[in-house]
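Summary of structural features
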Amino acid sequence: MTAADNQTFGLVCGHHHLYSSLARGMPAPPRTPTGFQEILELVWWRLDCALDLDLIEWSAKLGALNALESGCTAIVDHHESPKAIEGSLSVIADACAEVGVRVNCAYGVTDRHGPAGAAAGLAENERFLSSGGRGMVGIHAAFTCSDDTIAAAADLAARHGVGVHVHVAEGPADTWQQLRGHTADDWWLVHGVHLPDDHDLRGTIVHNPRSNMNNAVGYAQPRRFTNPVALGTDGIGADMLDEFRVAFVRAREADVTVTPDVMWDWLATARSVFPETTGDIVTWTYDVMDPWRLAYTTQIAPTEVVIDGEVVLADGRPTRVDGDEIKAKAAEAATRLFARL
Ligand SMILES: [Zn+2]
């Protein structure tokens, strides 16, 4: 990917939820979720309601730091915090800028909290994009939105010349048909597990294999789509080499003839959002950054990361921020979050 065998361009996480960085270690839900809908209701929709701007800031800083420590220099983020909507995207953008990682922000609008909640989400996307923020317009998912909300989000995105970042057909109840007629090539369609092969949605499909397995929603079989395919983590860190390996073995489980260059190409797709990452240089602890080797080689880490000409990770440690301090402050924030849950 670059001149030296032990280097790559900056890796891009095609779908992240930086707000979930503090969730690790959270109290168990009131009862064990038995399916995807209950995982949303009992885990994620309780967590996002507990977020305030301070918790969002530390969660984003921790997530950005984890990304940098994994050689990921750019994140396509999807955010929701129903009790702290206004200003939330700027908090995330500022947190990532402080660490030195690129981010594309979107607020996932939804009618789960009534028309006022949907309007506030649209307003936050509008505020952020109008103030020069780098982002897309977010929609949580079609099945939690009215047709009017979807149309308003699509219109807002078109007016700003950006795509829409939306969860699509992740679980069986996550319907996608309402999106028909709205999509465009710059839309960011996340999951697509239950999309039919001949769906007519336009945009990039972002595959999140580890998350899909964790939620038992099924295998997306992304090779069946004619859309471009990118890789994301859906909030489970930003170690894209790891996600590449999971994508590879998940594909092999279904078809043993698959070769890892397919997933290696998926890793590069999200560069369409961050073309400048081809100027970011990551130097790794491993000598030959080749797909076949990397598919079976774990424990590879970056020693140096250069973003926009600046060394932001040296000897495996961040140069702009105190990584230990971020981790300590994030742990304090997590304690506060858990108390609310
Ligand atoms: Zn997601």
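Before any of the text, the structure's been laid out above.
Residues numbered from 1 in each chain as written. Predicted model: local features only at pLDDT ≥ 70, side-chain atom pairs only at ≥ 80, totals over all residues.

The helix and strand tally for the protein chain stands at 10 helices and 14 strands. Here the C-alpha radius of gyration of the protein chain, 19 Å, is about what a compact globule of 341 residues would show, namely 20 Å. Each of the three principal axes of the protein chain carries a C-alpha extent, and together these read 55 × 45 × 45 Å. For the protein chain, with 341 residues in total, the buried portion stands at 50%. The contacts of the protein chain with a sequence gap of at least 6 include a subset with a gap of at least 24, amounting to 70%. (Helix = DSSP H or I, 4+ residues; strand = E, 2+ residues; numbered from the N terminus. Rg over C-alpha atoms; globule rule 2.2 N^0.38 Å. Buried ≥ 20, exposed ≤ 12 C-beta atoms within 10 Å, placed from the backbone. Contact = placed C-beta atoms within 7 Å.)

This part takes up the sheet that holds strand S8 (residues 188-191). Across the sheet, 6 strands lie side by side as S5-S6-S7-S8-S9-S10; this open sheet has parallel pairing. One side of each edge strand has no neighbouring strand; the edge strands of this open sheet are strand S5 (108-109) and strand S10 (229-231). Lying on the sheet, helix H5 (residues 147-160) is in contact with S5, strand S6 (137-141) and strand S7 (164-168); it crosses S6 at an angle near 155°. (Pairing = 2+ DSSP bridges. Axes fitted to C-alpha atoms, helices over the stretch in contact; angles between N-to-C directions.)

Spatially, the 3 strands line up as an open sheet ordered S2-S3-S4, and their pairing is parallel. The sheet terminates laterally at strand S2 (11-16) and strand S4 (102-104), the two strands that pair on one side only. For this sheet, the mean inter-axis angle between neighbouring strands, taken without regard to orientation, is 20°. As paired elements, S2 and strand S3 (residues 72-77) share 4 bridges and run parallel to each other. Looking at the pairing, Cys 13 lines up with Ile 75 of S3.

Look at any regular strand and the pattern is simple: side chains alternate between the two faces of the sheet. Two elements, strand S12 (residues 302-307) and strand S13 (residues 310-314), share 3 bridges in a ladder whose sense is antiparallel. What sits directly across from Ile 307, in S13, is Glu 310. In sequence, S12 turns back onto S13 through a hairpin of 2 residues, with Asp 308 there showing a positive phi of about 55°. With 2 bridges joining them, S13 and strand S14 (residues 317-318) adopt antiparallel strand pairing. By the bridge assignment for S14, Ala 314 is matched with Arg 317. If you look at the hairpin formed by S13 and S14, you'll find 2 residues sitting between the two strands, and Asp 315 has a positive phi there, around 50°.

Our focus in this paragraph is the packing of helix H7 (residues 240-254) against helix H8 (residues 261-269). Two elements in contact, H7 and H8, have axes separated by 9 Å at closest approach and are oriented at 140°. When the interaxial angle is binned, H7 and H8 end up oblique. Note on packing geometry: the crossing formed by H7 with H8 is right-handed. Contact residues: H7 offers Met 240, Phe 244, Ala 247, Phe 248 and Ala 251, while H8 offers Met 263, Trp 264, Trp 266 and Leu 267. Considering only residue class, the contact of H7 with H8 consists of 9 nonpolar, no polar and no charged. (Parallel < 35°, antiparallel > 145°, perpendicular 65-115°, else oblique. Left-handed = near helix turned anticlockwise from the far one by under 90°. Nonpolar A, V, L, I, M, F, W, Y, C, P; charged D, E, K, R; others polar.)

A word on H5. If you check H5, its first and last C-alpha atoms are 20 Å apart, about what 14 residues at 1.5 Å a residue would give, namely 20 Å. Buried residues in H5 make contact with S5, helix H4 (114-130), S6 and S7. Gly 161 occupies a position one or two residues after H5 and carries a positive phi of about 70°. (Expected span 1.5 Å × (residues − 1).)

We now examine helix H3 (residues 88-99). Along its 12 residues, H3 runs 17 Å from first to last C-alpha, staying within 8% of the 16 Å computed at 1.5 Å per residue. Listed in full, the buried residues belonging to H3 are Ser 88, Leu 89, Val 91, Ile 92, Ala 93, Ala 95, Cys 96 and Val 99. In this structure, the buried residues of H3 make contact with helix H2 (53-68), S3, S4, H4 and S14. Just downstream of H3, Gly 100 is the residue with a positive phi angle, here 105°.

On to the pairing of S12, then. The pairing of strand S11 (residues 281-284) with S12 spans 4 bridges and is antiparallel. Of the residues in S12, the one forming a bridge with Thr 283 is Glu 304.

Formed by 98 residues in total, the largest nonpolar core has its most connected members in Ile 75, Ile 92, Cys 96, Ala 153, Val 164 and Phe 244. Take this core: its biggest share by element is 9 residues, from H2. Beyond its immediate stretch of four places on either side in the chain, Ile 75 contacts Cys 13, His 16, Leu 18, Ala 67, Cys 96, Val 101, Val 103 and Ala 238. (Core = buried A, V, L, I, M, F, W, Y, C linked by C-beta atoms within 7 Å.)

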